[in-house]
Amino acid sequence: MTAAQLPPVAPEVTATLVEDLSPRLRKRLDAAVTKLGTRPTHRDGDTVTIAVDDDTELRLHAPGGVVATVDAITCGCLLAPACVHRAAAACAAPAADPAPEPAAQPAPMAPDSTPPPGDTTPATAPALATDPACAPAPAPAPAPDEASPAQREAAAVLWTAGAAVLEAGVDGAGAVAQAALLRAAHTARLRQLPRGASAALSVVTLLRAARAGDPSYRTADLVTALAELLGTAHRVGTASGAELAAVRGRARRPYSPDGSLRLHGLFTEPVVTDSGHGGARTWVAAPDGRLCTVGDVAPGGVGRALGVADRTVRIGDSALTHRELGRAGLAVSGATVSPDGRLGAGKGVKAVTARGAAWTEPPLAALWETPPAEQAARALRSVSRYAEPDGGGSDLLFLDVELLGAVRESGGTCLLARCDGGVLVRLTVADDDPALAHRDNLMLLATAPGARLRIIGRLVPAPHPRLTLLACSHPTGEGTVDLGFDRLRRADLPNPGAPVHSAPPQPGGPGVGSPLHLLERRVEQTVPAGRAALGMLGDVTAEARRLRRAGLPTAAGLLTALCASAAQRERDLFGRLLPADTDGFAAHWLAAARYTAAVAESLCAAAWEPGPGVLTHGPAEATATRLAGSRR
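Residues numbered from 1 in each chain as written. Predicted model: local features only at pLDDT ≥ 70, side-chain atom pairs only at ≥ 80, totals over all residues. Heavy atoms only, no water.

Brief notes about the overall build of the chain
As a reminder of what qualifies: The secondary structure listing takes helices from DSSP runs of H or I that are at least 4 residues long and strands from runs of E that are at least 2 residues long, numbered from the N terminus. Only protein chains enter the accessibility calculation, which uses a 1.4 Å probe; a residue whose area is less than 20% of its type maximum is buried, one above 50% is exposed, and one in between is partly exposed. Residues count as neighbours in contact if any of their non-hydrogen atoms are within 4.5 Å of one another. Computed with a 1.4 Å probe, the accessible areas rest on the Shrake-Rupley method; for each residue, only the protein chains presented here act as cover.
Check the secondary structure of the chain and you find 18 helices and 15 strands. Here the chain holds 632 residues, and 50% of them are scored as buried. For the chain, the proportion of contacts with a sequence separation of at least 24, taken over those separated by at least 6, is 69%. Only carbon and sulfur atoms are counted for the fraction: they give 54% of the accessible area of the chain, which is about 27000 Å².

Some remarks on the sheet that holds strand 3 (residues 57–61)
Rules: Here a strand pair is declared whenever DSSP counts at least two bridges between the two strands. Angles shown run from 0 to 180 degrees and are taken between the N-to-C directions of axes, each axis being a line fitted to C-alpha atoms and, for helices, limited to the stretch in contact.
Here 4 strands make up an open sheet; going across it, the order is 1-2-3-4 and the pairing antiparallel. Only two strands of the sheet have a single partner each, and these edge strands are strand 1 (41–44) and strand 4 (73–75). On average, each strand axis in the sheet is inclined to that of its neighbour by 20°, with strand direction left out of account.

Topic: the confidence of the model for the chain
Note the following rule: Within a predicted model, pLDDT stands for the predictor's per-residue confidence, ranging from 0 to 100.
Model confidence for the chain is summarised by a mean pLDDT of 83, while 84% of its residues fall at 70 or above. Confidence drops under a pLDDT of 50 for residues 100–143, and excluding neighbours within four residues, the segment shows 118 contacts in the predicted structure. The low-confidence segment residues 497–508 (pLDDT under 50) makes 26 contacts with residues lying over four places distant or belonging to another chain.

Focus: the nonpolar core
Note the threshold: Residues belong to a common nonpolar core when they are buried Ala, Val, Leu, Ile, Met, Phe, Trp, Tyr or Cys residues joined through side-chain atoms within 4.5 Å.
One finds L181, L222 and W589 to be the most contacted residues of the largest nonpolar core, which totals 70 residues. If you tally residues by element for this core, the top one is helix 17 (residues 582–607), at 12 residues. Setting aside residues no more than four positions away along its own chain, L181 makes contact with A161, G162, V165, A200, V203, V204, L207 and L229.

Overview of the packing of helix 15 (residues 541–549) against helix 16 (residues 553–567)
For clarity, the threshold we go by: For this classification, under 35 degrees means roughly parallel, over 145 means roughly antiparallel, 65 to 115 means roughly perpendicular, and everything else is oblique. Here a crossing is taken to be left-handed if its near helix is turned anticlockwise relative to the far helix by less than a right angle, and right-handed if that turn runs clockwise.
Taken N-terminus to C-terminus, the directions of helix 15 and helix 16 make an angle of 165°; their axes are 7 Å apart at the nearest point. Taken together, helix 15 and helix 16 sit at an angle that is classed as roughly antiparallel. You can see that helix 15 and helix 16 cross each other, and the crossing is right-handed. Judged by residue contacts, E543, A544, L547 and R548 of helix 15 engage P553, A555, A556, G557, L559 and T560 from helix 16.

Notes on the pattern of salt bridges
Note the threshold: Any carboxyl oxygen of Asp or Glu within 4 Å of a side-chain nitrogen of Lys or Arg constitutes a salt bridge here.
Enumeration according to the criterion identifies 28 salt bridges in this entry. One salt bridge in this structure joins R59 and E57, with 2.8 Å as the shortest N-O distance. When its relative accessible area of 38% is taken as the criterion, E57 is described as partly exposed. Here R355 makes a salt bridge to E361, at a shortest N to O gap of 3.4 Å. Residue class for R355 comes out exposed when judged on its relative accessible area of 57%.

Comments concerning the sheet that holds strand 5 (residues 256–272)
Ordered in space as 7-6-5-8-9, the 5 strands form an open sheet in which the pairing is antiparallel. Each end of this open sheet is capped by a strand with a single partner; those strands are strand 7 (291–299) and strand 9 (350–354). Put simply, the sheet's adjacent strands are angled 35° from each other on average, direction ignored. Sheet topology note: the strand 5/strand 8 (residues 329–337) ladder contains 7 bridges and is antiparallel.

Notes on unusual backbone geometry
Across the junction of A80 and P81, the peptide omega takes the value 5°, indicating a cis bond. Tracing the chain through its elements places P81 in the loop between strand 4 and helix 3 (84–92). The linkage connecting P362 with the following residue, P363, adopts the cis geometry, with an omega of 0°. Among the structural elements, P363 can be located in the loop between strand 9 and helix 11 (372–383). Non-glycine residue Q192 carries a positive phi angle of around 65°. Counting through the fold element by element, Q192 comes out in the loop between helix 5 (175–190) and helix 6 (194–211). Q192 gets classed as partly exposed once you look at its relative accessible area, which sits at 46%.

Quick look at the packing of aromatic side chains
Test applied: Aromatic rings from Phe, Tyr and Trp, taking only the six-membered ring of Trp, are treated as a pair when their centres fall within 6.5 Å; an angle between ring planes under 30 degrees marks them as stacked, one over 60 as edge-to-face, and anything in between as tilted.
Within the structure shown, the criterion is met by 3 aromatic pairs. An angle of 75° between the planes, with centres 5.1 Å apart, marks the rings of W368 and F398 as edge-to-face. With W368 in the loop between strand 9 and helix 11 and F398 in strand 10 (residues 396–409), this pair connects stretches of sequence that are 30 residues apart. Pair check on accessibility: W368 and F398 agree, each one buried.

Section: the state of the cysteines
Inclusion rule: Pairs of cysteine sulfur atoms within 2.5 Å are identified as disulfides in what follows.
One pass over the full model with this rule turns up 0 disulfides. With no disulfide of its own, C75 lies 3.6 Å from the sulfur of C77, the closest cysteine sulfur. Look at C75 and you get buried, because its relative accessible area is 14%. The cysteine C83 is free of any disulfide, with C77 supplying the nearest cysteine sulfur at 3.6 Å. Overall, the relative accessible area of 3% leaves C83 in the buried class.

Some details on the side chain of T56
Note that T56 resides in the loop between strand 2 (47–51) and strand 3. In this structure T56 comes out as buried when scored by relative accessible area, which is 10%. Sequence-distant contacts of T56, that is, excluding residues within four places in its chain, are made with I50, A51, C75, G76 and C77.

Describing the pairing of strand 11 (residues 412–418)
Strand 11 sits mainly inside the fold: 5 of its 7 residues count as buried. Strand direction decides the pairing type here: strand 10 and strand 11, joined by 7 bridges, are antiparallel. Looking across to strand 11, one finds that G405 is bridged to L416. Hairpin connection of strand 10 to strand 11: 2 residues between the antiparallel strands. Where strand 11 lies against strand 12 (residues 424–429), 4 bridges are found, and the strand directions are antiparallel. Pairing of A417 across the sheet is with V425, part of strand 12.

Next up, the structure:
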């Protein structure tokens, strides 16, 4: 049995079942979850049956696809309903997303991508500028200046649950700790704190993936989710006005009316996710430069992605396929757009085919006129690990480049190119799946040094300029190439048969050789094994000295304070160990996590500046100092 075979269970159901267990059964819960995972399952309509043993069956009834009540999980064993099996089944099943609030907006089309767990972006980043790359949602109604006492209490519960996970680490955060997070998420949702609730659900999902050995799990993702949870919980008690509204978050992604739109196709990209979904996303631009997307993503993987590209887009009366729309135009009336630019496809939306525009013609040509450094700064605000939700913006860059040749890296081969200002950019494949054309196209372009192309790529945050290459102008100058779908041939190159250019290594930049990783690895080491493991690392004086020599005194202070807090255990008058200061350690860890993210983003932004970049750590150091000084 896998989690995917079980219906999602509402967070409050799982929390209630675990809380109702006796202390003895709670100790056996993790083993019961593991054992239940080996048992066969059978689905009959809305009911999933698990064979606990030869004589006992466990049933999960999920009308509407979700187990919404405690009574919907039944067990036939002699100890039921007070048995461990019901709670184990709930813990083994995926956590259901909170039911969306009813809305009067027209129904949106199928999402163009599968969002990351929780569907939120983390908090406490440097202030974001309004980005014109997608349609903004109407401003929310003015919020009270301060959080209510009930919201503060719910935030405190979120903080406590998150700090407990950080204390125990992945290895110690079993079903009981996860149930505490689910209860905290449910309470936060009832108190109108959907952002905190979503962050808690993200942590639960990632904890389960880590403990199950899911190959798609990454420790960095859990670091981000935990920092989002703790940071959001902390800010509820200190934020006010517009900041408080952002910290509270939205219960659902709104689609706002946008009247009539005249859209011009840019390109189409395949979408293939780790969860087995596949499809296509087509990017279009409005005359004012706003970017929007039309997508079709559903279970099916790369095979579905290849097929969807030639299906008709599901918006209005247009007969265009996704690939055709990427080169044509669309006139839309009654349009609805989400904050991240996704076009809705409700019944009131009308759309007909219109003339497109070349990348060298207005209004699309204007996208390439913004300096690369400004584009990178905008994209970085969009992909920031701790960006404010609904900040808008796009992670795409539009560059005119000269190809230099292939460069070998530890992870494979990429294509080196030079853009305006002499900045060298590494271009990598968006997806290595051999069924897609990304890898073959990039390797072929590497054999054409000196070719000048107009490209579209997605920013990859790194201490050097780096993009995943999505589309480019055709090397012959006629039309454009969707690099995930269209396959270039050697005859398409301006100088076919040219030898591969051995490109020079990437020159040093502001982030090259930075010892920031010394703090980053301590932040990540905490998550798998908990506070105790970090406390046993010993003296970090040499690492702190190296950070100070590199001009990162705040990083040195955070590293020293984090390790000291992890190792600190006080004793009473009789020599017995007192409970650890989990709140204090969580605050130190949160400050270090936010600081490393802020500095890494500063290094990335500086790398895109033409000529030698001068990096200042002011915003990052101020944020870290404020967080490090706070205690709950």
